Amino acid sequence: MDDPGLWRYRPNAPAPGTLLGPIADIPVGAAREYRFGRGRSTFSMFVVHIPDGGVRAYLNLCPHYSLPLNHAPDEFMQSGAILCSQHFALFRADTGACFSGACEGRSLTAIPVGVSGQGLLTIAD
């Protein structure tokens, strides 16, 4: 299994405590992309506002072929699951585990996030 903290060593990875914005900006059942840096070294992640009210964040890279999951901004979800628009793999929103498609049995790389009492999303430790 990969080290869950390896995402921190990618170029332009946000530091713990980095403010992402209000959770209210992400509708329940939807996701929002956050990008840090530019060009080839851009760090891309997304946050899913899951129906139980929680949030999960993942690196925006499919474990099958290391390509971004989305083709259009903030377009990650299909029928409650995360969709890889490259190869149509489906991932559970709450765990990041692939349950259908080319990378079945693998998972998205999770990024710890938290929501403050004021409803603000941040990168967690």
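In case you missed it, the structure is sitting above this.
So, how was this worked out
Residues numbered from 1 in each chain as written. Predicted model: local features only at pLDDT ≥ 70, side-chain atom pairs only at ≥ 80, totals over all residues. Heavy atoms only, no water. Helix = DSSP H or I, 4+ residues; strand = E, 2+ residues; numbered from the N terminus. Rg over C-alpha atoms; globule rule 2.2 N^0.38 Å. Buried < 20%, exposed > 50% of the residue type's maximum accessible area, 1.4 Å probe, protein only. Areas by Shrake-Rupley, 256 points an atom, 1.4 Å probe, with all protein chains shown as cover. Lys, Arg positive; Asp, Glu negative; His and termini not counted. Charge placed at Lys NZ, Arg CZ, Asp CG, Glu CD. Pairing = 2+ DSSP bridges. Axes fitted to C-alpha atoms, helices over the stretch in contact; angles between N-to-C directions. Disulfide = S-S within 2.5 Å. Polar contact = N/O pair within 3.5 Å; in protein donor to acceptor, adjacent residues only side chain to side chain. Contact = heavy atoms within 4.5 Å.

1. Some thoughts on the overall build of the chain
Logical step 1: A tally of regular secondary structure across the chain gives zero helices and eleven strands.
Logical step 2: Listed N to C, the secondary structure of the chain is β-β-β-β-β-β-β-β-β-β-β in terms of helices and strands.
Logical step 3: Its C-alpha radius of gyration of 14 Å places the chain within 12% of the 14 Å reference for a compact globule of 125 residues.
Logical step 4: Overall size of the chain, expressed as C-alpha extent along the three principal axes, is 40 × 30 × 30 Å.
Logical step 5: Classification of the 125 residues of the chain by burial places 38% in the buried group.
Logical step 6: As displayed, the chain has an accessible area near 7,000 Å², and 51% of this comes from carbon and sulfur atoms.
Logical step 7: A distance of 7 Å separates the average location of the 9 positive side-chain charges in the chain from that of its 10 negative side-chain charges.

2. Looking at the sheet that holds strand β1 (residues 19-22)
Logical step 1: Reading across from one edge, β1-β11-β10 is the order of the three strands in this open sheet, with antiparallel pairing throughout. Of all the strands in the sheet, the pair left with one neighbour each is β1 and β10 (113-115). Strand-to-strand twist across the sheet, computed as the mean angle between neighbouring axes with direction ignored, equals 20°.
Logical step 2: The sheet contact formed by β10 and strand β11 (residues 120-123) spans three bridges and is antiparallel. Residue pairing for β11: Val113 is matched across the bridge by Ile123.

3. Points about the state of the cysteines
Logical step 1: One pass over the structure, following the stated rule, counts zero disulfides.
Logical step 2: Left unpaired, Cys98 is separated from the closest cysteine sulfur, that of Cys103, by 3.3 Å.

4. A look at the side chain of Thr42
Logical step 1: Looking at the secondary structure, you find Thr42 in the loop between β2 (31-36) and β3 (43-49).
Logical step 2: A distance of 3.5 Å separates the side chain of Thr42 from the backbone nitrogen of Arg38, its partner in a polar contact.
Logical step 3: Here Gly39 takes part through its backbone oxygen, which lies 2.8 Å from a polar atom of the side chain of Thr42.
Logical step 4: Leave out the neighbours within four places in its chain, and Thr42 touches Asn12, Arg35, Phe36 and Gly37.

5. Some thoughts on the side chain of Ser44
Logical step 1: Within the secondary structure, Ser44 is located in strand β3.
Logical step 2: There is a polar contact of 2.5 Å between the side chain of Ser44 and the side chain of Glu33.
Logical step 3: Among all residues touching Ser44, those that are not within four sequence positions of it are Glu33, Tyr34, Arg35, Leu59 and Asn60.

6. Let's talk about the sheet that holds strand β6 (residues 81-83)
Logical step 1: Pairing is antiparallel across the open sheet formed by four strands, whose spatial order is β5-β6-β7-β8. Strands with a single pairing partner mark the edges of an open sheet, and in this sheet they are β5 (77-78) and β8 (98-100).
Logical step 2: Looking at chain direction, β6 and strand β7 (residues 90-92) are connected through three bridges and run antiparallel. Bridging from a neighbouring strand, Ile82 pairs with Phe91 of β7.

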